[in-house]
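Observations on chain architecture
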Amino acid sequence: MACRDGDSYIVNGHKWWTSGAPDPRCKIAIFMGKTDTSATTYKQQSMILVPMDAPGVHVIRPLRVYGYDDAPHGHAEVMFKVGLKCKEKKRPHFLATGL
C-alpha cells in the first residue's frame, strides 16, 4: 500500500520473490501498490521507484527457486517498513496509469 502524505508517499508492504533484490548492483525497487482505492479497478495501482538504500527497505533473505540457491543474484523477501517516505518531487513514479 502507498498512501499520500503531503508531497510524499508512505510505502508499506511485505514482498516475496523480489527479482534481483539481493544483488549488490540492485539500486532501485519498483514498488507497485494501491494508491487510489476509489478509482476504477485498473486505475487503482501505481508504481513508485524506491531506492534500495532508503531507510525502511530491508532485504530479509534470499529465496530458493525450485530448490536452487541463486543468491546473491536471484530473488528475495523484502520488507518495506512503516513510514518509508518517497518524495513525489524527487522520485519518478507512475500514478494510476493502470500498469
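Positions within a chain are numbered from 1, following the residues in the order the chain's sequence is written. Restriction of local features to residues with pLDDT of at least 70 applies here, the model being predicted, together with a cutoff of 80 or more for giving and counting side-chain atom pairs; totals for whole chains, interfaces and linings are based on all residues. With hydrogens and water set aside, each side-chain value is computed from the structure's full complement of heavy atoms.

**Quick word on the packing of aromatic side chains**
- The rule is short: rings of Phe, Tyr and Trp, with Trp giving its six-membered ring, pair when the centres are within 6.5 Å, and they are stacked under 30 degrees, edge-to-face over 60, tilted in between. Summed over all chains, the structure comprises one aromatic pair.
- Each ring, one from phenylalanine 31 and one from phenylalanine 80, has its centre 5.0 Å from the other, and the planes form 75 degrees; the classification is edge-to-face. Pair noted here: phenylalanine 31 is in strand β3 (residues 28-34) and phenylalanine 80 is in strand β6 (residues 75-87), with a separation of 49 residues, a long-range link. For the pair phenylalanine 31 and phenylalanine 80, one class covers both residues: buried. Note on conventions: DSSP H or I runs of at least 4 residues are helices, E runs of at least 2 residues are strands, and numbering of each starts at the N terminus. Note on classification: 1.4 Å probe, protein chains only; a residue is buried when its accessible area is under 20% of the maximum for its type, exposed when over 50%, partly exposed between these limits.

**Some remarks on the nonpolar core**
- Judged by nonpolar contacts, the single largest core of 14 residues is most densely connected at Ala2, Phe31, Val50, Val57, Val78 and Phe80.
- Mapped onto this core, the elements with two or more residues apiece are β2 (8-19), β3, β4 (45-51) and β6.
- If you tally residues by element for this core, the top one is β6, at three residues. In plain words, nonpolar cores are sets of buried Ala, Val, Leu, Ile, Met, Phe, Trp, Tyr and Cys residues tied together by side-chain atoms within 4.5 Å.

**Observations concerning the layout of surface pockets**
- Using protein atoms alone on a 1 Å grid, points that fit a 1.4 Å probe yet trap it form a cavity, whereas open point sets bounded by protein on both sides within 12 Å along at least five of seven lines form a pocket; residues with an atom within 4 Å of a point count as lining. Grid points are joined across faces, edges and corners, and a volume is the space filled by probe spheres set on the points. Approximately 200 Å³ is the volume found for the largest pocket.
- Considering the residues around the largest pocket, the lining is formed by 14 residues, among which Lys15, Thr18, Ile30, Phe31 and Phe80 are closest to the centre.
- Put simply, Ala, Val, Leu, Ile, Met, Phe, Trp, Tyr, Cys and Pro go in the nonpolar bin, Asp, Glu, Lys and Arg in the charged bin, and everything else, Gly too, in the polar bin. Taken together, the residues of the lining of the largest pocket break down into nine nonpolar, four polar and one charged.

**Concerning the pairing of β3**
- Along β3, the buried face is formed by Ala29, Phe31 and Gly33; none of Ile28, Ile30, Met32 and Lys34, which line the opposite face, is buried.
- Of the strand pairs in this sheet, β3 and β4 are connected by seven bridges, and their pairing is antiparallel. Within β4, the residue paired with isoleucine 28 across the bridge is proline 51. One requirement defines pairing of two strands: DSSP has to find at least two bridges between them.

**A look at the side chain of aspartate 23**
- Looking at where aspartate 23 falls in the secondary structure, it is placed in the loop between β2 and β3.
- Accessibility expressed as a relative area gives 8% for aspartate 23, which makes it buried.
- The contact rule is simple, with two residues in contact once any of their heavy atoms fall within 4.5 Å. Once residues within four sequence positions are removed from consideration, aspartate 23 is found in contact with Pro72 and His73.

Geometric values such as these leave the question of function open.
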